Structures are given as C-alpha cells and as structure tokens.
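A closer look at the structure
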Amino acid sequence: MAYRISNIVSNSRIVTGLVANLLSSICIVFINKWIYVHYGFPNMSLTLMHFVVTWLGLYVCHKLDVFAPKRLQPTKIILLALSFCGFVVFTNLSLQNNTIGTYQLAKAMTTPVIIVIQTAYYKKTFSTKIKLTLIPITLGVLLNSYYDVKFNFLGILFATLGVFVTSLYQVWVGAKQHELQVNSMQLLYYQAPMSSAILLPCVPFFEPFTGEGGVFGPWSVPALGMVLLSGLIAFLVNLSIYWIIGNTSQVTYNMFGHFKFCITLLGGYALFQDQLTLNQGVGILCTLAGILSYTYFKLSEQEEGKSKLVQRP
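Throughout, a residue's number is its position along its own chain's written sequence, starting from 1. Whole-chain, interface and lining totals are the exception, using all residues; otherwise, since this is a predicted model, local features are given only for residues with pLDDT of at least 70 and side-chain atom pairs are given and counted only at 80 or more. Side-chain measures were taken over the full set of non-hydrogen atoms in the model, leaving aside hydrogen atoms and water.

Let's shift gears to the pattern of salt bridges. By definition, a salt bridge exists where a carboxyl oxygen of Asp or Glu is found within 4 Å of a side-chain nitrogen of Lys or Arg. The final tally for this structure, using the stated rule, is two salt bridges. In this structure, K76 engages E179 in a salt bridge whose closest nitrogen and oxygen atoms are separated by 3.9 Å. Here K76, found in helix α3 (residues 74–97), pairs with E179, found in helix α7 (residues 153–180); they are 103 residues apart in sequence, far enough to count as distant. For K176, the salt bridge is made with E179, and the minimal N-O distance between the two is 3.3 Å. With K176 and E179 both in helix α7 and three residues apart, the pair spans about one turn of that helix. Residue exposure (1.4 Å probe, protein chains only): buried if accessible area is under 20% of the type maximum, exposed if over 50%, otherwise partly exposed. A relative accessible area of 44% places E179 in the partly exposed class. A single salt-bridge network, built from bridges that share partners, covers K76, K176 and E179. Helix and strand definitions follow DSSP, with helices as H or I runs of at least four residues and strands as E runs of at least two, each counted in order from the N terminus.

Printed below as a string of structure tokens:
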C-alpha cells in the first residue's frame, strides 16, 4: 500500500513537471509575440529582463537548496555568456519579425547546424540514417519560409543568425558541462548575471532608454505586467527543463518536445491569425517527419550503445 502511494505521488510530480514545462514553453512564445505585436516593447531590454529574473530565480532556488552552486572562473564561461546573449536576442528578434510558424520551424534547423559544427570542428561522426533525416527537416523549413505570405528578408536574417548562434551555444553548453563537471543550473547560475552585464551596456546603442518605445518610457501597467510575467515564465521554462531531464527519460523529453512543437504552431495560427498555405502545411509535415525520424534513430543508436556496454565481459 505504501509503495502504491509512493508511486502515485512520484507519477503526479512527473505529470506536474511535464504540464508546467508544456504551459511555460508555449506561453513564453505567445506572450513575447503579444508584447512585440501589441506593446512594441524593445527586444534587447526584454531579453535583459529575462536574464535578471532568471538569475534571481536561481538565487532563490539556491537558498532553498534546490541545487548547490559551484565556483567557476569567469574566463572559462565568457564565450558561453556571449553566445547566450546572441542566442536569446536573435531568437526573440526572429519571433518579433516572423510568423510563429516560420519562427518555430526555423528553430528546427538547429539540429542540422549542430551536426555540421560537431562534424567539422569536433570530428564527431554520425550515421548515414541520421544524416538523411536532415533532408526533410531542411526541405520543410525552406518550403514554409518560401511560401510564407508574411515573408521578409529581415525576419529570415534574424532567424538564420538565431539558428547559428543557438547551435554554437548548445554545442558549447555540452562541452562546458563536461569540462567543468557542472549541471545546467550550476552553469546558468553564473552565466545569467554575466550575460546581463554584457548586454546592459549594449542596450543604449540599439534602443532608447526614455521616451516613446524606451525601456523607461511611458508604459502602461498591463504592458509592464506582461513583461514581468514573460520574465517569470522564461525562468520557469529553464527550471522545468532541468527538472524533466533529471526526473524522466530522454525519450519522454524528446517526445514531449515534439508535442509542444505542434501545439505552438497551431496556437500561432489561431491566436495571431497567421495564414497557412497548402505548401506551408506540406513544409511543416516534412519538417516534423524529419524531426521524428532523427529522434527515433538517435535514441535507437543510444540504446544499442548501452546494450553493447552491458554485454561486454
């Protein structure tokens, strides 16, 4: 009886974590898009707000013994902090200047770019099956972008830069976690304030501080409330991702990611009346098929690798 109750409690916690990640991951896209469309809040200032709130949230988690910080040398993570700035700024600029469908599909190009980076600079090898899945992913993104009725060069430029910097960031995060022997929260605890310090002096060169459209401009209470909510949800996204990875399997995390991908696309078309052409629909299905195939083959290869290790005498 006690075991059954413990199992129910454990499962309810996992479900709660998954639901929290689902809601926060989808809400952050819609809320940021809403802020850009309806309030015109400056992009870099919003990003800076996210960094500060994330660090404050991690500080609270540290005080509540959710994780234990590990002292790191700033020189070891300066490039990571710079790429974190670029990753969030360009991703938000892509969201600001593209439809949610194009923004979401462009993010799928992160996988092919990561594979190219790891192959070219880290001499990592990938199977032919994995490489072939990149064809439908890339084809689907190109189809959707080409037939997007709201296509614009600036939006595609930001999306491209966002994909490149995000890919670098993800590769470097994995390398730094291994090199410094830290988990994602320990790394983010030092990275977030450093990224804030890097971004803060850049804001006045790109965005006004005061007046209409400035970070200290005459914003309405609802606008400021949405900005604060956006920061809190951004922190919840980071926290829930860490929790899910630590308490479920990689299969659960990846499959749940695909579900969020579909819900975000559908929500974008419903909330912001983004038009969807037949060719775009084909592109979305093509990309989704590539992502699912990539996940299946990747997880299968990892399971085979584990089996071989277990069978060794």
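From this point, the discussion proceeds with the structure in view.
All right, on to the packing of helix α2 (residues 43–63) against α3 then. The relative placement of two packed helices is expressed as an angle between their axes plus a distance between the axes. Here, axes are lines fitted to C-alpha atoms. For helices the fit covers the stretch in contact, and angles between N-to-C directions go from 0 to 180 degrees. Remark: α2 packs on α3, axes separated minimally by 10 Å, with the N-to-C direction vectors making an angle of 130 degrees. When the interaxial angle is binned, α2 and α3 end up oblique. For α2 against α3, the interelement crossing comes out right-handed. Contact with α2, carried on its side by N43, M44, T47 and F51, involves F84, C85, V88, V89, N92, L93 and Q96 of α3 and no other residues of that element. Note on residue categories: nonpolar means Ala, Val, Leu, Ile, Met, Phe, Trp, Tyr, Cys or Pro, charged means Asp, Glu, Lys or Arg, and polar means any other residue, Gly included. Its residues assigned to classes, the contact of α2 with α3 comprises seven nonpolar, four polar and no charged. Roughly parallel means an angle under 35 degrees; roughly antiparallel means over 145; roughly perpendicular covers 65 to 115; every other angle is labelled oblique. A clockwise turn of the near helix away from the far one marks a right-handed crossing, whereas an anticlockwise turn of less than a right angle marks a left-handed crossing. The contact criterion used throughout is that any non-hydrogen atoms of two residues lie within 4.5 Å.

The next subject is the environment of L265. Mapped onto the elements, L265 comes out in helix α11 (residues 250–271). Ignoring any residue separated from it by four or fewer positions in sequence, one finds L265 in contact with I100, G101, Q104 and I284.

Further remarks concern a nonpolar patch on the surface. In this analysis, a patch consists of residues with relative accessible area above 30% that form no salt bridge, clustered at 9 Å for like charges and at 5 Å for the nonpolar side chains Val, Leu, Ile, Met, Phe, Trp and Tyr. For the area figures, the Shrake-Rupley method with a 1.4 Å probe applies, and any residue is considered shielded solely by the protein chains shown. A surface patch of nonpolar side chains, about 370 Å² in accessible area, is lined by Y59, V60, L64 and V66. By the secondary structure assignment, V66 is in the loop between α2 and α3. By relative accessible area, which is 43% here, V66 ends up partly exposed.

Treat this as a map of the structure, not an account of what it does.
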